[in-house]
Amino acid sequence: MTRKAVTQQYPDAQPELPPRTRGVIALFEENCTVCMLCARECPDWCIYIDSHKETIPAATPGGRERSRNVLDRFAIDFSLCMYCGICVEVCPFDALFWSPEFEYAETDIRDLTHERDRLREWMWTVPAPPALDPGAEEPKEVAAARKTAEKLAAQQQAEQATQAEHIAQPGQDERTGQAGPREGDT
């Protein structure tokens, strides 16, 4: 009550948004497998997905051909979207993300249906994920990879030490480890 009110001069100065701001949904198209989970779980039915099947030839001779879904259309109608985030949460392949961008107003409501090209553009504004909690347990995958790397490093050090030992003791036969003939021996 005793302080003067501060007005943010929005168009001239951009507001500082919280880190988990829900602005617009961005699409990472390479991760989308057209599983349709986001469209099925959307309570507003504002996600439109079209795809077709493509046959992939066998990788090895005698193998069988595979088929995969190819994304033709991915669109979100933001005039219907209620920004609940269910589509982002249910995506098993991390193809949908929240972008903090909020300046996408249109003069015509029909322009609020964003196709995959426009959704892909929003991907560049998605912030990096927050760092892990320093007190959290290390992920099992990372721990296993680290242990394997430590084992390989220990093996390499042991091999280098063995090679250095052979170099330090000249005149020994590498196969038997015994000293070879010296000059003057007959």
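Above: the structure in question.
All figures in this text were calculated on a predicted structure; none of them were measured in a lab.

Calculation criteria
- Residues numbered from 1 in each chain as written.
- Predicted model: local features only at pLDDT ≥ 70, side-chain atom pairs only at ≥ 80, totals over all residues.
- Heavy atoms only, no water.
- Salt bridge = Lys/Arg side-chain N within 4 Å of Asp/Glu carboxyl O.
- Helix = DSSP H or I, 4+ residues; strand = E, 2+ residues; numbered from the N terminus.
- Pairing = 2+ DSSP bridges.
- Contact = heavy atoms within 4.5 Å.

A.B. asks: How would you explain the pattern of salt bridges if you had to name every residue and give the values?
C.D. replies: Applying the stated criterion across every chain, the model contains eight salt bridges. In this structure, the salt-bridge partner of Glu29 is Arg116, at a minimum N-O distance of 3.0 Å. Of the two residues, Glu29 is situated in the loop between strand 1 (24-27) and helix 1 (37-41) and Arg116 in helix 3 (residues 116-122); the sequence distance between them amounts to 87 residues. For Glu150, the salt bridge identified is with Arg146, shortest N-O distance 3.3 Å. Residue Glu150 and its partner Arg146 are located together in helix 4 (residues 140-168), separated by four residues, close to a single helical turn.

A.B. asks: How would you sum up the sheet that holds strand 5 (residues 113-114)? Please name residues and give values.
C.D. replies: Overall, antiparallel pairing links the three strands, which are arranged 2-3-5 in an open sheet. Whereas interior strands pair on both sides, the edge strands pair on one side only; in this sheet they are strand 2 (47-56) and strand 5. When strand 3 (residues 66-77) meets strand 5, the two strands line up antiparallel, connected through two bridges. Note that in strand 5 the partner of Asp77 across the bridge is Thr113.

A.B. asks: Kindly report on the environment of Leu37, identifying the contributing residues and their values.
C.D. replies: You can see Leu37 is positioned in helix 1. Linking Leu37 and Met82, residues 45 residues apart in sequence, is a C-alpha distance of 17 Å. Those residues in contact with Leu37 that lie beyond four places of it in its chain are Val90 and Pro92.

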